[in-house]
Amino acid sequence: MEHEPNAMPPIGFLLNRTDKALTRVMDGTLGEFGLTRVAWQVLNMVRKEDGITDAEVLRILSVNADAPTLTAAVETTLAGGWTSRPAPGRLTLTPDGTARLAEVTDRVKAFRARSVDGITPEEYGTAVRVLERMIGNLEGTRP
(Lines give C-alpha, C1' and ligand atoms only; values in the text may rest on other atoms or scores of the structure.)
Protein backbone atom coordinates (compact mmCIF):
# COMPACT_ATOMS: atom_id res chain seq x y z
CA MET A 1 0.00 0.00 0.00
CA GLU A 2 1.43 3.38 -1.03
CA HIS A 3 1.11 6.44 1.20
CA GLU A 4 1.41 10.07 0.18
CA PRO A 5 4.76 11.08 1.74
CA ASN A 6 3.64 14.53 2.89
CA ALA A 7 0.14 13.58 3.98
CA MET A 8 1.13 12.65 7.55
CA PRO A 9 4.18 12.92 9.75
CA PRO A 10 6.51 9.92 9.58
CA ILE A 11 5.50 7.19 12.02
CA GLY A 12 9.02 6.98 13.44
CA PHE A 13 8.86 10.65 14.40
CA LEU A 14 5.51 10.12 16.13
CA LEU A 15 6.69 6.97 17.91
CA ASN A 16 9.80 8.73 19.22
CA ARG A 17 7.78 11.74 20.32
CA THR A 18 5.21 9.48 22.03
CA ASP A 19 7.91 7.55 23.88
CA LYS A 20 9.58 10.77 25.06
CA ALA A 21 6.23 12.14 26.26
CA LEU A 22 5.42 8.88 28.07
CA THR A 23 8.82 8.91 29.79
CA ARG A 24 8.66 12.62 30.71
CA VAL A 25 5.17 12.39 32.21
CA MET A 26 5.82 9.05 33.93
CA ASP A 27 9.09 10.34 35.41
CA GLY A 28 7.19 13.37 36.72
CA THR A 29 4.46 11.15 38.10
CA LEU A 30 6.87 8.85 39.94
CA GLY A 31 9.55 11.39 40.87
CA GLU A 32 8.17 12.12 44.34
CA PHE A 33 8.50 8.40 45.09
CA GLY A 34 12.17 8.37 44.05
CA LEU A 35 11.40 6.41 40.88
CA THR A 36 11.70 6.90 37.15
CA ARG A 37 9.76 5.06 34.48
CA VAL A 38 12.68 2.70 33.98
CA ALA A 39 13.24 2.07 37.72
CA TRP A 40 9.52 1.31 38.05
CA GLN A 41 9.83 -1.14 35.14
CA VAL A 42 12.77 -2.81 36.90
CA LEU A 43 10.75 -3.17 40.11
CA ASN A 44 7.90 -4.72 38.14
CA MET A 45 10.28 -7.19 36.46
CA VAL A 46 11.69 -8.23 39.82
CA ARG A 47 8.16 -8.53 41.29
CA LYS A 48 7.14 -10.82 38.41
CA GLU A 49 10.27 -12.98 38.56
CA ASP A 50 11.86 -13.09 41.99
CA GLY A 51 15.57 -13.79 41.75
CA ILE A 52 15.80 -12.47 38.19
CA THR A 53 19.33 -11.77 37.02
CA ASP A 54 20.59 -8.36 36.07
CA ALA A 55 21.34 -9.77 32.61
CA GLU A 56 17.70 -10.86 32.20
CA VAL A 57 16.46 -7.43 33.29
CA LEU A 58 18.78 -5.80 30.75
CA ARG A 59 17.72 -8.19 27.99
CA ILE A 60 13.98 -7.89 28.61
CA LEU A 61 13.91 -4.13 29.14
CA SER A 62 16.44 -3.31 26.39
CA VAL A 63 13.55 -2.22 24.15
CA ASN A 64 12.77 0.52 26.69
CA ALA A 65 16.22 1.89 27.53
CA ASP A 66 19.91 1.46 26.86
CA ALA A 67 22.19 -0.60 29.11
CA PRO A 68 23.63 2.36 31.12
CA THR A 69 20.12 3.66 31.87
CA LEU A 70 18.93 0.20 32.90
CA THR A 71 22.02 -0.40 35.03
CA ALA A 72 21.47 2.96 36.76
CA ALA A 73 17.82 2.03 37.37
CA VAL A 74 18.87 -1.29 38.95
CA GLU A 75 21.31 0.62 41.17
CA THR A 76 18.53 3.06 42.11
CA THR A 77 16.30 0.19 43.23
CA LEU A 78 19.14 -1.29 45.29
CA ALA A 79 20.12 2.06 46.83
CA GLY A 80 16.48 2.79 47.66
CA GLY A 81 16.22 -0.50 49.50
CA TRP A 82 13.47 -1.69 47.14
CA THR A 83 15.49 -4.62 45.81
CA SER A 84 18.29 -6.69 47.28
CA ARG A 85 20.69 -9.34 46.09
CA PRO A 86 19.92 -12.86 47.31
CA ALA A 87 22.94 -13.99 45.27
CA PRO A 88 25.49 -12.18 43.09
CA GLY A 89 23.90 -10.73 39.96
CA ARG A 90 20.35 -11.58 41.11
CA LEU A 91 17.60 -9.29 42.32
CA THR A 92 14.72 -9.82 44.68
CA LEU A 93 12.02 -7.41 45.80
CA THR A 94 12.22 -6.26 49.42
CA PRO A 95 9.19 -5.49 51.58
CA ASP A 96 9.96 -1.79 50.96
CA GLY A 97 9.94 -2.49 47.21
CA THR A 98 6.56 -4.18 47.46
CA ALA A 99 5.27 -1.21 49.46
CA ARG A 100 6.75 1.26 46.94
CA LEU A 101 4.98 -0.49 44.05
CA ALA A 102 1.70 -0.45 46.01
CA GLU A 103 2.18 3.28 46.75
CA VAL A 104 2.50 4.20 43.09
CA THR A 105 -0.31 1.98 41.77
CA ASP A 106 -2.97 4.70 41.75
CA ARG A 107 -0.58 7.18 40.12
CA VAL A 108 0.30 4.69 37.39
CA LYS A 109 -3.39 3.99 36.77
CA ALA A 110 -4.06 7.74 36.48
CA PHE A 111 -1.08 8.10 34.11
CA ARG A 112 -2.39 5.28 31.93
CA ALA A 113 -5.89 6.79 31.88
CA ARG A 114 -4.44 10.18 30.90
CA SER A 115 -2.40 8.65 28.09
CA VAL A 116 -5.48 7.10 26.44
CA ASP A 117 -7.97 9.89 27.17
CA GLY A 118 -10.28 10.31 24.18
CA ILE A 119 -9.10 7.08 22.57
CA THR A 120 -11.68 4.31 22.31
CA PRO A 121 -10.73 0.72 23.15
CA GLU A 122 -11.24 -0.09 19.46
CA GLU A 123 -8.86 2.69 18.37
CA TYR A 124 -6.28 1.55 20.91
CA GLY A 125 -6.61 -2.04 19.70
CA THR A 126 -6.20 -0.95 16.09
CA ALA A 127 -3.08 1.07 16.95
CA VAL A 128 -1.54 -1.88 18.79
CA ARG A 129 -2.30 -4.33 15.97
CA VAL A 130 -0.88 -1.96 13.33
CA LEU A 131 2.32 -1.43 15.33
CA GLU A 132 2.67 -5.18 15.90
CA ARG A 133 2.34 -5.73 12.13
CA MET A 134 4.95 -3.06 11.41
CA ILE A 135 7.32 -4.72 13.89
CA GLY A 136 6.68 -8.07 12.24
CA ASN A 137 7.33 -6.58 8.80
CA LEU A 138 10.61 -5.01 9.90
CA GLU A 139 11.85 -7.91 12.03
CA GLY A 140 10.72 -10.57 9.59
CA THR A 141 8.50 -12.23 12.17
CA ARG A 142 5.15 -11.58 10.53
CA PRO A 143 3.30 -14.80 9.67
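Everything that follows concerns the structure shown earlier in this document.
Bear in mind the structure is a predicted one, so any value in this text is a computation, not a measurement.

Participant: Report on the environment of Asn44, specifying residues and quantitative values.
Facilitator: Examined against the element boundaries, Asn44 turns out to sit in helix α2 (residues 37-48). As for Asn44 and Gly97, which are separated by 53 residues in sequence, their C-alpha atoms are 9.6 Å apart.

Participant: Outline a nonpolar patch on the surface, listing residues and values.
Facilitator: Residues Ile11, Leu15 and Leu131 make up a contiguous nonpolar surface patch of about 220 Å² in total accessible area. What makes Ile11 partly exposed here is its relative accessible area of 41%.

Participant: Please set out the sheet that holds strand β2 (residues 83-84) residue by residue, giving values where relevant.
Facilitator: Pairing is antiparallel across the open sheet formed by three strands, whose spatial order is β1-β3-β2. The open sheet has two edge strands, β1 (52-53) and β2, and neither has a second partner. Bridge analysis of β1 against strand β3 (residues 90-93) gives two bridges, and the strand direction is antiparallel. The partner of Thr53 across the bridge, within β3, is Arg90.

About the cut-offs
In this numbering scheme, every chain counts its residues from 1 along its sequence in written order. Only residues with pLDDT of at least 70 are given local features in this predicted model, and only at 80 or more are side-chain atom pairs given and counted; all residues enter the totals for whole chains, interfaces and linings. Where side-chain values are given, they derive from all heavy atoms of the structure, hydrogens and water being excluded. Strands are runs of DSSP state E lasting at least 2 residues, helices are runs of H or I lasting at least 4, and numbering of each runs from the N terminus. Patch rule: a residue counts if its relative accessible area is over 30% and it has no salt bridge; like charges are joined within 9 Å, and nonpolar side chains (Val, Leu, Ile, Met, Phe, Trp, Tyr) within 5 Å. The method behind every accessible area is Shrake-Rupley, applied with a 1.4 Å probe, and residues are considered shielded solely by the protein chains displayed. Any carboxyl oxygen of Asp or Glu that lies within 4 Å of a side-chain nitrogen of Lys or Arg is treated as forming a salt bridge with it. With a 1.4 Å probe rolled over the protein chains alone, any residue whose accessible area is under 20% of its type maximum counts as buried; one over 50% counts as exposed, and the rest are partly exposed. Only when DSSP finds a minimum of two bridges between them are two strands counted as paired.

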